[in-house]
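Next come the chains, spelled out residue by residue.
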Amino acid sequence: MVKATQLSKTYRLPNESIHALKKADFEASAGEFVIVMGPSGAGKTTLLNLLGGLDAPTEGSAAVNGQTWSKNEKERAKMRQETVGFVFQEFHLLPNLTALENVEMPLFFSRKKNGRIAHELLEAVGLEHRKEHRPPEMSGGEMQRTAIARALANRPKVLLADEPTGNLDVRNSMAVFQLFRKLADSQGLAVVAATHNAKLAALADRVVRLRDGVLNEERSPA
Amino acid sequence: MRFFKLSWKNLFRRKTRTALTLAGVAASAAVLVSLLGFNNGYQNALEEDVDRLGYQMLVTAKGCPYEAATMMLSGSADLRYMNAETAQIIMDDPRVDKSMPQLIHASYDPEREATGIYMGVTNAYRELKPWMEFKEGEWLTPGAADEVVLGYEAAELDQRSPGDYILVHGTNETLKVVGIFERSGSQDDAIAFVRMETLQRIFPRLENKLTGIGVKLKELDATSAFEADLYEIPDIQVVTMARVKQTIMGLVSSARILVMSVAAIALIVAAVGVINTILMSVFERTQEIGIMKAMGASKADIFRLIWSETTLICAGGGFIGCAFALAAAQIVESLVRNALSYAPNGPIISITVGLMAACAAGAVLLGMAAGLYPAARAASMRPIEAIRKGT
Ligand SMILES: Nc1ncnc2c1ncn2[C@@H]1O[C@H](COP(=O)(O)OP(=O)(O)OP(=O)(O)O)[C@@H](O)[C@H]1O
Ligand SMILES: [Mg+2]
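Here the structure is a predicted model, which is why all the values come from computation and not from measurement.

> How do you make sense of the environment of A:Gly43 when you look at a structure like this?
Residues and elements named next belong to chain A. Position of Gly-43 among the secondary structure elements: in the loop between β3 (33-37) and α1 (44-51). Between the C-alpha atoms of Gly-43 and Glu-16, which are 27 residues apart in sequence, the distance is 17 Å. The contact partners of Gly-43, leaving out residues within four places of it in the chain, are Ala-20, Leu-21 and Leu-210.

> I'm lost on the interface of chain A and chain B in this one. Help?
The extent of an interface is frequently quoted as the accessible surface area lost upon association of the parts. Taken together, the 25 residues of chain A in the interface contact 25 residues of chain B. Buried surface at the junction of chain A and chain B, both sides included, amounts to about 2400 Å², of which 63% is carbon and sulfur. If you look at where chain A meets chain B, you find three salt bridges. Between B:Arg382 and A:Asp55 there is a salt bridge, with the nearest N and O atoms lying 3.3 Å from each other. The element that contributes the greatest number of residues to the side of chain A that touches chain B is helix α3 (residues 99-110) of chain A, accounting for six residues. A breakdown of the residues in the side of chain A that touches chain B according to their chemical character gives 12 nonpolar, five polar and eight charged.

> What exactly am I supposed to notice about the packing of aromatic side chains here?
What characterises a pair of aromatic rings is the spacing of the ring centres plus the angle enclosed by the ring planes. Residues and elements named next belong to chain B. Inspection of the entire model under this criterion finds 14 aromatic pairs over all chains. Ring centres of Tyr-125 and Trp-139 lie 5.8 Å apart, and the angle between their planes is 10 degrees; this geometry places the pair in the stacked category. Taken together, the residues Tyr-125 in helix α5 (residues 124-128) and Trp-139 in the loop between β5 (134-137) and β6 (147-150) connect sequence positions 14 residues apart. Among the aromatic residues, those joined into a ring-pair cluster are Tyr-125, Phe-134, Trp-139, Phe-181 and Phe-193. Its end group placed over the ring of Trp-139, Arg-126 keeps NZ or CZ at 5.8 Å from the ring centre.

> When you look at the pattern of salt bridges in this model, what are you seeing that I'm missing?
Think of it this way: side chains of opposite charge can pair up when their charged atoms draw near. Residue and element names in this part refer to chain A. Here the structure, examined in full by the defined rule, presents 25 salt bridges over all chains. Between Arg-181 and Asp-205 there is a salt bridge; the shortest N-O distance is 2.9 Å. Taken together, the residues Arg-181 in helix α6 (residues 170-187) and Asp-205 in the loop between β8 (190-195) and β9 (206-211) connect sequence positions 24 residues apart. By relative accessible area, which is 16% here, Arg-181 ends up buried. In this structure Asp-205 comes out as partly exposed when scored by relative accessible area, which is 27%.

> Teacher, can you tell me more about the nonpolar core here?
Where a protein is soluble and globular, its nonpolar side chains tend to be buried together. One finds A:Phe26, A:Leu47, A:Leu51, A:Phe86, A:Leu160, A:Val192 and B:Met292 to be the most contacted residues of the largest nonpolar core, which totals 62 residues. Tallying contributions element by element places helix α11 (residues 299-327) of chain B first for this core, with five residues. Excluding its chain neighbours within four sequence positions, the residues that come into contact with B:Met292 are A:Leu94, A:Met105, A:Phe109, B:Ala297, B:Ile302 and B:Leu305.

> Before we go on, may I ask you to explain the site of ligand 1 in this structure?
Around ligand 1, the structure places 15 residues, and the nearest of them are A:Ser40, A:Gly41, A:Lys44, A:Thr45 and A:Thr46. Ligand 1 sits at a junction of chains, with neighbouring residues supplied by chains A and B. Side-chain polar atom of A:Thr45 to an oxygen atom of ligand 1: 2.6 Å apart, as the coordinates give it. Contacts to ligand 1 include A:Thr46, whose side-chain N or O atom sits 2.6 Å from an oxygen atom. Here the shell around ligand 1 gets three residues from one element, more than from any other, and that element is α1(A). Its residues assigned to classes, the shell around ligand 1 comprises six nonpolar, six polar and three charged.

Criteria and cut-off values
- Residues numbered from 1 in each chain as written.
- Chains lettered and ligands numbered in written order.
- Predicted model: local features only at pLDDT ≥ 70, side-chain atom pairs only at ≥ 80, totals over all residues.
- Heavy atoms only, no water.
- Helix = DSSP H or I, 4+ residues; strand = E, 2+ residues; numbered from the N terminus.
- Contact = heavy atoms within 4.5 Å.
- Buried area = accessible area lost by both parts, 1.4 Å probe.
- Salt bridge = Lys/Arg side-chain N within 4 Å of Asp/Glu carboxyl O.
- Nonpolar A, V, L, I, M, F, W, Y, C, P; charged D, E, K, R; others polar.
- Phe/Tyr/Trp six-rings, centres within 6.5 Å; stacked < 30°, edge-to-face > 60°.
- Lys NZ or Arg CZ within 6 Å of the ring centre and 35° of its normal.
- Buried < 20%, exposed > 50% of the residue type's maximum accessible area, 1.4 Å probe, protein only.
- Core = buried A, V, L, I, M, F, W, Y, C linked by side-chain atoms within 4.5 Å.
- Near = heavy atom within 4 Å.
- Polar contact = N/O pair within 3.5 Å; in protein donor to acceptor, adjacent residues only side chain to side chain.

Rendered as structure tokens:
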């Protein structure tokens, strides 16, 4: 469902080049929940951004749903819209919009008919009572669940989560990863999540490890 | 429509800033509407004033017409006069439809601190100005030598009514008031009308003299040819009303160009203010824009979003400005009137629905133009950089 082939990213700074990702091969199929672990600066964010088409690789390629990311920004926007959902560590909800409006936003950009989709998604993440609340009036866990509902609005094939629990306590972190597990199982979503937390890894099908831009497969934890 | 809702909400996030920007646009729009309203109104009022004279051409004794006017107003008796014989030649010309000989005598009365203006006329006055209506009384009786009809203001100044007698300043003569005109909104309101012979009898030095003749031609097209012929007669000059309009409009238009440039600058300042505000809010929302792109927003989506914010601000400001200009028109009118050397009698600031619609449309266009750059900047932000910048 999401695939990286010899994926490399080099950031060129005035007096050095940082090889953030080195010839990584990676794959996550439909219904699979994969966790990316690794120390800070290992290249986790870089990998997820390349998989989700937010950034272009220096070498190699990334594909989603069998389709390689185009160089054309317009086509990339359309692909992101149709196939990928993003969840970030800082939630990144729009503070002036209610939870419901935040979830509706991707639908608004994809020109899809809204109907009850946003309502259903908020209900699915257990926030039916927070629909009209704005982000400043919500807890961290509630904001992250809203962000997950938003990521799911366009019915993506792949959910990419970059340290989604970095700002959450243990209980909320667990709830988020359990939700990912459920989404992979019940909707066949490919979920790729980066985390520092080894305890959460138990919920995944697979764990891959990144160190200095080099990706290593680990055996399945279960 | 959903785009506008989102833009609307964004504008409400920084209320003070939005309000200040709105005020800037509104102020420029108000200035512009008032100026254009003045442009409209002044010309119309002036033309109406000139048309209300009833004649298209005024023939006077040679001399500077401005000089004549000032002398007349300052009360000097040294007006230039033309001979009745010369006048008769003009009046007998077959191309003349109607003519109105007039003889003006003005004298300043220091006790009343006012200038009394007497105009000797004939019955032609009534024919050329049929719209002059009587508030009280009636027109001069044929053959009666000591009657006077007062303009509205001339009567009001001394609280005169028909039947009163007035003493002609500087003489022992008295005149009986027989009629008082309604207010006409023209210079005639300040004048006391007597028969030509009466004025010449009271002031014997005016015997056989005229200040001028107002001429109305049978055909308007013949004006220039007739004017050229008149210059064959020595010692007279011709003032056509078309030229009066031109001269006054010329005086006003130089001032108008200055004021219009001020308005144009105000508009540019407003536009720069809007660009600055929106650009600032775009930079502040760099991360948000990145997120929207990650959520599937295209370049065009972001462009439209920012563009409609700018357009909304300018449209709102334009609307408020128009409303304000309309509300303040009376005040502006009196300010402008005091500042002008010659202000016509009608309303000189005319703010029409069409003018307001044009200005509102102009404000929307300004917003669209001002929004181009910030919107393009926002649209071209790369999602990854935009997201990182905020953290
Ligand atoms: N835009 C950039 N320009 C230059 N170097 C960058 C840029 N983005 C990331 N890097 C570098 O690339 C390397 C990998 O960064 P990345 O953000 O992928 O790490 P990470 O595993 O997500 O770390 P963390 O756990 O702290 O989020 C780091 O050394 C980082 O400094
Ligand atoms: Mg990271």
